[in-house]
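Analysis of the macromolecular model
Each chain, letter by letter, is given below.
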Amino acid sequence: MRVRALALGLFSVCCTSVAAQDSTRTLQQAFQQVPQVVLTAPDAMQFFFLDVQAWRALEKSGPSADGMRRLSIAQAISPLQSIGYGLDQWADHAKVPFDELSYFGGFGQSPGNVSYWGLKDKESAATLVARLVQSDFKPVNGDVAGLMANGEANKPDMTKASGRDPWRGTMGMPTFVLPLDAALVQASSPIGMRALAKTSPSVADSEIVAASIAGLKQAVPSDGARIVQAAVISPVLGLQGVDPAKVLFADPGDMQSAKQKLEAIAASSGRGIPPYFSGIIADVQVKNAPGVVISLSYADCGAAQQAVDGVAAAWKQTMAGAVQPDVNGSTVQAGKLCAAVVSLTAAKAETAGNPILSQIMTRCMQRDLALLQIGASR
């Protein structure tokens, strides 16, 4: 069945497997480098992503204050916390021009968070590695081939501390780097690098993430639209006050057990949308207008349609602020699963920022995102 965009208040059940132009290529490249075990972390947002080229395309002359504030998702990625001093100063310390990066990714909580530097190809990654070796990075002895560091774990060097340096930071902490295909993995410790070196199965191999990706492909055609940032979310985001250990499941592939567990929890929660396995919140630029696409993975399109209707209703009831976006929704068949997809698009771009995303992320910080609250049907 062909997917139709549905205006707010006129949603109807529809599914599709029709191929669309792929705007998710760079996002999927990042996912391919990340072990699937990341999806078992008890975090509301399990992985963060920035498409460097999409963000830079917003302002060719350099990021404005609005452009910087737009990075409300990507600000969780450690190396990006140094760009506030200017991209040129960042590049001097990073040993690579910012615009030569393809993407950044990351997961985890500081100080144990992990970051991914995505280059355009293996040769570019090798060039950056060579520059780091020429600075102060040295090989690390052990069972992880290629691992290098600019100091000893947990031993800061304040003589090298700099907020402009993404490899050191304001406390002069050392960095451990592992080349991985066309990417570099950055962490504050060698612990866990062996696991990070084994990318199969990856996040990209996850059936539940693939369903969310299918939804994004449909909602963000590559002709005139780009994904700027994205976050992989877990059901923890929609179940505030619930022990994350009771929400997530040890085996990302055991969807039947996950469905039963989530439905039991949702039955005792307040009003909301049906429990989703996983999802992606994406900051998008559609032609010249900012927007947000939410793509949630479900076991079937019946539940997905309930989610589409519920998210749309929740936006109207709880998020209708200064920005009044166009709201459209659909369901997308993705193999055995189905994606619930809701697009929120501004009429035009006032600045390089994204006021729709700003509203959503503010509610996330306040732990008051009724938009994605899981519970009994609204």
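Summary of the structure given here. Since we're looking at a predicted model, the values are computed, not measured. (Residues numbered from 1 in each chain as written. Predicted model: local features only at pLDDT ≥ 70, side-chain atom pairs only at ≥ 80, totals over all residues. Heavy atoms only, no water.)

The helix and strand inventory of the protein chain stands at 11 helices and 15 strands. Looking at the protein chain residue by residue over its 378 residues, the buried ones come to 53%. Counted over contacts in the protein chain with a minimum sequence separation of 6, partners at least 24 positions apart contribute 69%. For the protein chain, the accessible area works out to roughly 16,400 Å², and carbon and sulfur atoms hold 51% of it. (Helix = DSSP H or I, 4+ residues; strand = E, 2+ residues; numbered from the N terminus. Buried < 20%, exposed > 50% of the residue type's maximum accessible area, 1.4 Å probe, protein only. Contact = heavy atoms within 4.5 Å. Areas by Shrake-Rupley, 256 points an atom, 1.4 Å probe, with all protein chains shown as cover.)

Of the voids in this model, the largest pocket is the one considered here, and its volume is about 700 Å³. At the level of secondary structure, the elements contributing two or more residues to the lining of the largest pocket comprise strand E2 (45-51) and helix H11 (355-365). Considering only residue class, the lining of the largest pocket consists of 14 nonpolar, eight polar and two charged. Of the volumes computed, that of the second largest pocket is approximately 600 Å³. (1 Å grid on protein atoms, 1.4 Å probe; cavity = no way out; pocket = protein on both sides within 12 Å on 5 of 7 lines; lining within 4 Å. Points joined across faces, edges and corners; volume = space filled by probe spheres on them. Nonpolar A, V, L, I, M, F, W, Y, C, P; charged D, E, K, R; others polar.)

This next bit is on the nonpolar core. Core analysis: the biggest nonpolar cluster contains 114 residues, and Trp90, Trp117, Leu184, Ile360 and Leu372 have the highest contact counts within it. Not counting residues up to four positions away in its chain, the partners in contact with Ile360 are Val292, Trp315, Met319, Leu344, Leu369 and Leu371. (Core = buried A, V, L, I, M, F, W, Y, C linked by side-chain atoms within 4.5 Å.)

What follows concerns helix H4 (residues 87-94). Looking only at H4, the buried set comprises Leu87, Trp90, Ala91 and Ala94. An end-on view of H4 places all buried positions within 100 degrees of arc, on one side of the element. Looking at H4, the residues exposed on the side facing more than 90 degrees away from the buried face are Asp88 and Asp92. Buried positions along H4 lie against helix H2 (52-56), strand E3 (101-107), strand E4 (114-119) and helix H5 (122-134). Directly beyond the C-terminal end of H4, a positive phi value near 75 degrees is found at Lys95. (Arc of directions from axis to C-beta.)

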